[in-house]
Amino acid sequence: MARLSRRFLASRSALTGLVLCAAMASGRAATAPTADVDARLSRVEALRTKDHARFVEGLDQFHRDAVTLSPRQTWRLRYLDGWELNFEGRYPEAEAILRDVVDHANDDSIATRATGLLMNNLSLQGKYAEAYAIATRAAETLPAVTDPVARFVLLANLSEMLTFAGQTSLALNYAKMMEASTPAGEPPCQAYAQKVVAMEGGRELSSTSAELLNAITICTAAGQPVYANAMSLILVDRLLAEHHPDQAMAMLDKVAPSIEASRYFPHLVGLENQRAQTYAQLGNESQARAAALRAVALSHPGDVNEWLRGAYRILYKLEKAGGHYASALSYYEQYVTQDQGYLQDASARNVAYEAARQHFLTEKLETDGLSKENSILRLQQALDSKAVETSRLYIVVLGLALASIVLWMVRIKRSQLRFKRLSACDGLTGIFNHQHFMTESGRALHVLEKRQGQGCLVSFDLDHFKQVNDTFGHAVGDAVLKHVVEICKSHLRRTDIFGRLGGEEFGILLLDAPCLQGSVIAEQLRLAFEKTPLVVDQLTVPFSASLGLACTEAVGYDLAQLCRASDAALYEAKRTGRNRLVTGDTVNADVTGPFSSNPAIRWESV
């Protein structure tokens, strides 16, 4: 999976830990015991997503009254304390309580509920390995679960976790099973909401999707404001994506009182973030800035999520448009931190999901192997008179075991190849690194040669780049490199191969481009570098590049020869004054770029 959409993460955060908990609350309330304390606990528990303020008051009343509780009632109250902490976004505190309940509660139903909530809590904290290990084992136990409420909880949890891992087709199947397994007498709000979340993860929704609009209507009618608010925020996101800011603002104004009343942490942050985006689309910069700052202020230190990413992006754009370059750079750095954290988080989820699956398959393989060996021993003892048949059966079993091991090894190899692909890009600029650029270029040239196409290799090096680092520091130097990459991407075609060869040197392989076309593209890049300085911290940082170009028409398709020819042209461009393009087959001829009367780069204040 590449990158999950913002709208999916929003909906996922809005429902984490609620689907499985609310289902259990309603189910237990319907069968509440007759004892006074159990009845009070059931009434309080049933209010969690319907009237959260009264739920908090009920918990506080239990703790103030110091009622004598049985061991089961004590663990049930402690579980509700963990649920409330998770609802408020205090995830580490909630984790400690839930682990205590799972490890020590003497009631299987309470321990099961705590396990389901713990799974979601761990995923919210980025502890994906443990979370998906629990989810993988839970999927295996599903066929054996016959209790309606327990089955509903398990299906909800599996759909939630698989959506978050990007397995949206499986998640949608579990959501549909969840809808069919809704306990008797309960509205289908939670199942509808989970199905919408799975569809949103698969990018299947629009602002007019019947599933989304029905979920809002059903959850509102069922008195489930938290679920209705989650669906409404997804609708706002779709309206913004379709550029209907007026409708989006009307929806935000409608759900804001309910969100502020429930005090559900992800919804509070999401509300301000979407307000900022809506105001930005409406052109109201002051309100957009205020809403984005409120979203930032609501977040906890160290938070990395899609809401913060969107808020910092809006703040960066507003400050840049207003000419406040120092604050714009600060917000841009925060945006980059959130963006990189988002990508790393998505990768970590995928790796954790695959690792959990592989570990489970390995354990299952070992268990199956032991079971098969026991079967073989029993057959040998019972069928001594049929040695030939027994030997054949043994060979078949060994063959199956060997095939299973081979399949397991193939899956491990595929995981290793996936990790290898992650190492193909340069950490600073995000383009191919030197090794991967050379590998991909060699493969592309081989294909190009077979079909007699033409191509050009462009090597370019930033002029006087050391002076940038010495004058402004390496942070500005890194910003220049990223700026150069963005300029190149805007001029290159999708088929071109672009990589960082080291330091300030880059390489571009232009496929299906004759020498003349390659020269035009390279000269356009040189002019773009010269005319597009980096503006940072109230300073204009101009830069230029020397470019060397080698064409397959003159040099051939061998990558090493092309590299030597383009490097020779690059060195000739630098020797003859920099900020120019030289082609590999005319190294001694006049260069195409202009000679500068003063080779030193000048720096001007904005």
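Parameters and conventions
- Residues numbered from 1 in each chain as written.
- Predicted model: local features only at pLDDT ≥ 70, side-chain atom pairs only at ≥ 80, totals over all residues.
- Heavy atoms only, no water.
- Axes fitted to C-alpha atoms, helices over the stretch in contact; angles between N-to-C directions.
- Helix = DSSP H or I, 4+ residues; strand = E, 2+ residues; numbered from the N terminus.
- Left-handed = near helix turned anticlockwise from the far one by under 90°.
- Contact = heavy atoms within 4.5 Å.
- Nonpolar A, V, L, I, M, F, W, Y, C, P; charged D, E, K, R; others polar.
- pLDDT = per-residue confidence, 0-100.
- Pairing = 2+ DSSP bridges.
- Parallel < 35°, antiparallel > 145°, perpendicular 65-115°, else oblique.
- Buried < 20%, exposed > 50% of the residue type's maximum accessible area, 1.4 Å probe, protein only.
- Phe/Tyr/Trp six-rings, centres within 6.5 Å; stacked < 30°, edge-to-face > 60°.
- Lys NZ or Arg CZ within 6 Å of the ring centre and 35° of its normal.
- Salt bridge = Lys/Arg side-chain N within 4 Å of Asp/Glu carboxyl O.

A.B. asks: Any chance you could explain the packing of helix 7 (residues 108–124) against helix 8 (residues 128–141) here in plain terms?
C.D. replies: Geometry of a packed helix pair, given as the angle between the helix axes and the separation of the axes. Put simply, helix 7 and helix 8 touch, their axes get as near as 8 Å, and they point 145 degrees apart. As for how helix 7 packs across helix 8, the hand of that crossing is left-handed. Side by side, helix 7 and helix 8 meet where Thr115, Met119, Leu122 and Ser123 of the first sit next to Tyr128, Glu130, Ala131, Ile134 and Ala135 of the second. Counted by class, the contact of helix 7 with helix 8 contains six nonpolar, two polar and one charged residues.

A.B. asks: Just to check I follow, could you spell out the confidence of the model for the protein chain for this structure?
C.D. replies: Note: predicted coordinates in regions of low pLDDT should not be interpreted at a detailed level. Here the protein chain averages 80 in pLDDT, and 82% of its residues register 70 or above. Counting contacts from residues 587–606, a segment whose pLDDT is below 50, to residues more than four positions away or on other chains yields 43 contacts.

A.B. asks: In this structure, what is going on with the sheet that holds strand 3 (residues 505–511)? I would like to understand it.
C.D. replies: Sheet strands line up and pair through hydrogen bonds in the backbone, either parallel or antiparallel. Sheet architecture is open: five strands sit in the order 2-3-1-6-7, paired in mixed fashion. With partners counted over all chains shown, the strands left at the sheet margins are strand 2 (497–502) and strand 7 (581–583), one partner each. Strand-to-strand twist of the sheet, defined as the mean angle between neighbouring strand axes without regard to direction, takes the value 20 degrees. Bridge count for strand 1 (residues 455–462) against strand 6 (residues 545–551) is seven bridges, and the pairing is antiparallel. In the sheet register, Phe460 faces strand 6, and the bridge partner there is Leu547. Its contacts with the sheet place helix 22 (residues 474–491) against strand 1, strand 2 and strand 3, and it is angled at close to 155 degrees to strand 1.

A.B. asks: For this particular structure, what's the right way to read the packing of helix 6 (residues 91–104) against helix 7?
C.D. replies: Two elements in contact, helix 6 and helix 7, have axes separated by 9 Å at closest approach and are oriented at 150 degrees. With respect to their mutual orientation, helix 6 and helix 7 come out roughly antiparallel. In the packing of helix 6 onto helix 7, the handedness of the crossing is left-handed. Touching Tyr91, Ala94, Glu95, Leu98, Arg99, Val101 and Val102 of helix 6 are Ile110, Ala111, Ala114, Thr115, Leu117, Leu118, Asn121, Leu122 and Leu124, all from helix 7. Residues that form the contact of helix 6 with helix 7 fall into these classes: twelve nonpolar, two polar and two charged.

A.B. asks: What's the story with the pairing of strand 6 in this structure? I'm lost.
C.D. replies: The side chains of a regular strand alternate between the sheet's two faces. Within strand 6, seven of the seven residues are buried, leaving the element largely enclosed by the surrounding structure. By the alternation rule, side chains of strand 6 split into Ala545, Leu547, Leu549 and Cys551 and Ser546, Gly548 and Ala550, which are all buried. Bridge analysis of strand 6 against strand 7 gives three bridges, and the strand direction is parallel. When the sheet's bridge partners are listed, Leu547 is paired in strand 7 with Leu581.

A.B. asks: Help me understand the packing of aromatic side chains in this model?
C.D. replies: The description of two aromatic rings rests on the distance between their centres and on the angle between their planes. For the coordinates displayed, the defined rule picks out ten aromatic pairs. Measuring from centroid to centroid gives 5.5 Å for Phe55 and Trp83, while their planes differ by 80 degrees, and the two rings are edge-to-face. One end of the pair, Phe55, is in helix 4 (residues 52–65); the other, Trp83, is in helix 5 (residues 71–87), with 28 residues separating them in the sequence. Arranged with centres 6.1 Å apart and planes meeting at 40 degrees, the rings of Phe529 and Phe543 form a pair that is tilted. Placement of the pair is Phe529 in helix 23 (residues 515–531) and Phe543 in the loop between strand 5 (539–541) and strand 6, with a sequence separation of 14 residues. Each member of the aromatic cluster is reached from another via a ring pair, and the members are Phe460, Phe498, Phe506, Phe529 and Phe543. Cation over ring: Arg40 sits above Phe62, and NZ or CZ is 4.3 Å from the ring centre.

A.B. asks: Is there a simple way to think about the pattern of salt bridges in this case?
C.D. replies: Pairs can form between side chains of opposite charge once their charged atoms are near each other. In total, this model carries 25 salt bridges according to the counting rule given. For Asp100, the salt bridge goes to Arg78, with nearest N and O atoms at 2.9 Å. On the criterion of sequence distance, the pair formed by Asp100 in helix 6 and Arg78 in helix 5 is long-range, its members being 22 residues apart. Between Glu93 and Arg90 there is a salt bridge, and its shortest N-O distance comes to 2.9 Å. Owing to a relative accessible area of 39%, Glu93 belongs among the partly exposed residues under this scheme.

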